[in-house]
Amino acid sequence: ILKAKGDLRLKEDLFMYYSSGNYEAFAHPLKPEGIENKSAYIIGSGLAALSAACFLVRDAQMDGKRIHILEKDALPGGACDGYQYPGLGYTMRGGREMDNHFEVMWDLFRDIPSIEDPNMSVLDYYYYLNKRDPNYSLCRATVNRGQDAHTDKKFGLSDKAQMQIMKLFFTPEEELENKKITEFFDDEVLDSNFWMYWRTMFAFENWHSALEMKRYIQRYIHHIDGLPDFSALRFTKYNQYESMILPMINYLKAHDVDFQYNVKVDDVMFEIEPDHKVVTGLLVTEADGQQKQIDLTENDLVFITNGSCVENSSFGSQNEPAKFNTELKQGGVWDMWKNIAAQDKSFGHPHKFCSTPELTNWESATVTTLDDKIPPYIEKITKRDPFSGRVVTGGIVTVMDSNWLLSWTFNRQPQFRDQPKDQLVGWIYGLFTDKPGNYVKKAMRDCTGKEICMEWLYHLGVPEDQIEELAEKSANTVPCMMPYITAFFMPRQKDDRPNVVPEGAKNFAFIGQFAETPRDTIFTTEYSMRTGMEAVYTLCDVDRGVPEVWGSAFDVRDLLYATTKLRDGKPVTDMKLNPIEKAALQAGIKKLKGTDMYDLLVQFGNIPDEELKEELPDAKAQIM
């Protein structure tokens, strides 16, 4: 209750609270007291770090010259990449799927100028792009070398499987700590279309965290009907680096924010007392290899990106496989977090996430078509012209009978602003990197870019006598192996990730995918940006609420609609019940008749009443 009431805040404490509705969301924060005497040091330049810098500038109103971003690599953006490397080609380690209820993301991007159209914000451009070219898939999955699998938007869940999902949805988080998905789901779920949609869209594995699975189900319950065809999703025009990261970089540079590249933060030094924790210095290795210490005071705010899903990523090439590099070396993000965690138990447990690369890896590849030979196979499956500039695949196409569990996508083209008009740039990924391919009889992790392309072309239905030549001469494919890409999905408990601002912290916060904030889901742009906002609002005492996570899990309309959709449109009265259960259900429905609840059950298809249903408004329209 206290966190929802801004007028009850205690001025002597750092304080952040959540809010909802546009009354507070549209208010501009007052300048925090004493902000002109503070400085900020941000470790990393990923989405969380850049968001924190933007919130420092926009809402905390800190002078940009007092904000220092320390990045160990030569380029900003973290996992949100998209580059053309000389001699290698176009590369994208991953892609970003966005939701209309990423409240923090849209809160910030409404004030960041778009580089596609300087007269619009990033949000404005994105909104009208997706309104005029809505996203949806015309072929979600294939089998038998490019034939439509005809999943037909069906989940294919038995009554037993539905109850397993329902049980997980309602199980408290504390009962899910350190538990795997397979402790709640058996083959009734794992062999269904639902699990194929889910695991390939979000990159969940059977052994991943049941707690994170629950959060995802609750977080996106309002989009359950858009899962089979990706109509729930929206995408940027170009790759995430050019459409999201560059606008933020330009905004920050316009405010004179200090970017320092090739600077590694080896350790963070703390002064720790029971209720008073302060960062006193940073130990850094500069670009010239010299190590130095930056001494800090309580007025120097430190934002720590702890952990990284793309740490130890390695690129291969058309003719070289990407190395499966699992060794965590000194100076890396995981090494830094280990050094920090050793100093206080509230700083998390990195070993829970970075100790089992065999369980946290998958491999992606960026494929660029070089002539007109491959695009017709893409068009045949997607049923769209890939050169139209509009939605192509509408999300990933999953090859259901692939040994690698291969999925691929071509978003709006061009994906890069300098991309030749006669080329396409797409993305491929496989969840099972240790299994031999169906055509290339090698593990994906051992394959060159050309060999990964050959396996993909095989599943597109290219005649076998043409596959090798097309992979060699008609495409350039760059593989990328990521040993820790799903590290954050490993089973965990509450204190394994540090709170954004740990108890007693006075001048520091943790940000990014390995910091803990309630209810939201990792592996999303929103999660990274939310941690950045919460960190800034807390440490700078910004007098404005952080938008709460969208509450569809608490909206009875969303829950009723999702129930029907999860059952592929069948009412609950069709469930196979024993006589006692059936009588209880019928008695309950009879008692509800004549109430608003009964009307809602009919409206959302949970129970049949065709006569009444004709008089009710469209169910989906009521929750959009």
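Please read all numbers here as calculations on a predicted model, not as lab measurements.

**Details of the sheet that holds strand S17 (residues 424-430)**
Now for step 1: The strand order across the open sheet built from 8 strands is S7-S6-S15-S16-S17-S14-S18-S13, with neighbouring strands paired in mixed fashion. Each of the sheet's edge strands pairs with one partner strand only, and the pair in question is strand S7 (147-148) and strand S13 (314-315).
Now for step 2: Pairing between strand S14 (residues 362-369) and strand S18 (residues 475-482): 8 bridges, direction antiparallel. The residue bridging Thr 366 from the neighbouring strand is Val 478, located in S18.
Now for step 3: Across the sheet, helix H13 (residues 375-382) lies against strand S6 (141-143), S14, strand S15 (397-399), strand S16 (406-409) and S17, angled at about 100° from S16, the strand it touches most.
Now for step 4: Contacts between helix H14 (residues 449-460) and the sheet are confined to S14, S15, S16, S17 and S18, with S18 contributing the most and set at about 105° to the helix.

**With respect to the packing of helix H7 (residues 193-202) against helix H8 (residues 210-219)**
Now for step 1: For the pair H7 and H8, interaxial distance at closest approach is 13 Å and the crossing angle is 100°. Judged by the angle between their axes, H7 and H8 are roughly perpendicular. Across the interface between the two elements, Phe 194, Trp 195, Trp 198 and Phe 202 of H7 pack against Met 213, Tyr 216 and Ile 217 of H8.
Now for step 2: The class makeup of the residues in the contact of H7 with H8 is 7 nonpolar, no polar and no charged.

**Here we look at helix H5 (residues 159-170)**
Now for step 1: The end-to-end C-alpha distance of H5, which contains 12 residues, comes to 17 Å, matching closely the 16 Å that a straight helix rising 1.5 Å per residue would cover.
Now for step 2: The complete set of buried residues in H5 reads Ala 161, Gln 162, Gln 164, Ile 165, Leu 168 and Phe 169. Viewed end-on, H5 has its buried residues packed into an arc of 155°, placing them on one side of the element. The outward face of H5, more than 90 degrees from its buried face, is lined by the exposed residues Lys 167 and Phe 170.

**Focus: the pairing of S18**
Now for step 1: Counted residue by residue, S18 has 8 buried out of 8 residues, so it is predominantly covered.
Now for step 2: Residues of S18 alternate between two faces, with Ala 475, Thr 477, Pro 479 and Met 481 on one and Asn 476, Val 478, Cys 480 and Met 482 on the opposite face, all of them buried.
Now for step 3: In the sheet, S13 pairs with S18 via 2 bridges, with the strands oriented antiparallel. Paired with Ser 314 across the strands is Met 481, a residue of S18.

**Let's talk about the packing of helix H17 (residues 556-566) against helix H19 (residues 596-603)**
Now for step 1: Put simply, H17 and H19 touch, their axes get as near as 9 Å, and they point 40° apart. The angle between H17 and H19 places the two elements in the oblique class. Considering the relative orientation of H17 and H19, their crossing is right-handed. The segment H17 lies against H19, with Val 556, Arg 557 and Leu 560 engaging Met 597, Leu 600 and Leu 601.
Now for step 2: Its residues placed into classes, the contact of H17 with H19 shows 5 nonpolar, no polar and 1 charged.

Parameters and conventions
- Residues numbered from 1 in each chain as written.
- Predicted model: local features only at pLDDT ≥ 70, side-chain atom pairs only at ≥ 80, totals over all residues.
- Heavy atoms only, no water.
- Pairing = 2+ DSSP bridges.
- Helix = DSSP H or I, 4+ residues; strand = E, 2+ residues; numbered from the N terminus.
- Contact = heavy atoms within 4.5 Å.
- Axes fitted to C-alpha atoms, helices over the stretch in contact; angles between N-to-C directions.
- Parallel < 35°, antiparallel > 145°, perpendicular 65-115°, else oblique.
- Nonpolar A, V, L, I, M, F, W, Y, C, P; charged D, E, K, R; others polar.
- Expected span 1.5 Å × (residues − 1).
- Buried < 20%, exposed > 50% of the residue type's maximum accessible area, 1.4 Å probe, protein only.
- Arc of directions from axis to C-beta.
- Left-handed = near helix turned anticlockwise from the far one by under 90°.

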